[in-house]
Amino acid sequence: MKHYSCDLCGKDLADGLAARFVLQMEVFAAHDPAEINECDLGDDHLEEMGQLLREAEEMDLEPAPAFKKMRFDMCPSCHRKFLADPLSREAQKFDFSEN
Ligand SMILES: [Zn+2]
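Residues numbered from 1 in each chain as written. Predicted model: local features only at pLDDT ≥ 70, side-chain atom pairs only at ≥ 80, totals over all residues. Heavy atoms only, no water.

**Quick notes on the coordination of the zinc ion**
Angles between donor atoms at a metal ideally measure 109.5 degrees for a four-coordinate tetrahedral arrangement and either 90 or 180 degrees for a six-coordinate octahedral one. Just so we agree on the cut-off: Counted as coordinating are nitrogen, oxygen and sulfur atoms within 2.8 Å of the metal, or 3.2 Å for Na, K and Ca, while water is not included, which may make sites look incomplete. In these descriptions, tetrahedral denotes four donors with every angle between 85 and 135 degrees, square planar four donors and octahedral six donors with opposite donors over 155 degrees apart and the rest between 65 and 115, and irregular any other case. A helix here means a DSSP run of H or I that spans at least four residues, while a strand means a run of E at least two residues long, and both kinds are numbered starting from the N terminus. A 1.4 Å probe rolled over the protein chains alone gives each residue an accessible area, and that area as a share of the maximum for its type sets the label: buried under 20%, exposed over 50%, partly exposed in between.
Protein coordination at the zinc ion comes from Cys6 (SG), Cys9 (SG), Cys75 (SG) and Cys78 (SG), with a distance range of 2.2 to 2.3 Å. Between the 4 donor atoms coordinating the zinc ion, the angles at the centre fall across 105 to 117°, so the site counts as tetrahedral. All donor residues of the zinc ion come from one chain, and their arrangement in sequence is C-x2-C-x65-C-x2-C. Note that cysteine 6 is positioned in the loop between β1 (3–5) and β2 (12–14) and cysteine 75 in the loop between β4 (67–74) and α2 (76–84), a separation of 69 residues in sequence. Judged on exposure class, the residue cysteine 6 and its partner cysteine 75 are both buried.

Okay, here's the thing in structure tokens:
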């Protein structure tokens, strides 16, 4: 039997007994396909990309992947909270008010 636990609160979700919700997220760089042309794929573009990567390194940041797919298991309680505030905007407002 496969074991699941809630990725948000860690609650055990025994397979087949507890309700389990699966969250799948895809994040990708958005750009207008009409803007892609041969110039974008040329040397200038590579130079620009290199510059961006160097700037990211200088800031001591890992470059964020342009595409990422994530999957999370959630218990019914976290599922309900997620649907009420998918981007944790309320939590962020709270953080800002403390600063
Ligand atoms: Zn949970």
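Here the narrative resumes.
**Let's talk about the pattern of salt bridges**
Operational definition: Salt-bridge detection follows one rule: a side-chain nitrogen of Lys or Arg within 4 Å of a carboxyl oxygen of Asp or Glu.
Using the criterion set out here, one finds 3 salt bridges in the structure. Ionic pairing is found between lysine 69 and glutamate 26, a salt bridge with its closest N-O pair at 3.6 Å. With lysine 69 in strand β4 and glutamate 26 in strand β3 (residues 21–28), this residue pair connects regions lying 43 residues apart in the sequence. Here aspartate 73 ties to arginine 71 by a salt bridge, and the two come within 3.4 Å at their closest N and O atoms. Here the salt bridges share partners, and the residues they tie into one network are Arg20, Arg71 and Asp73.

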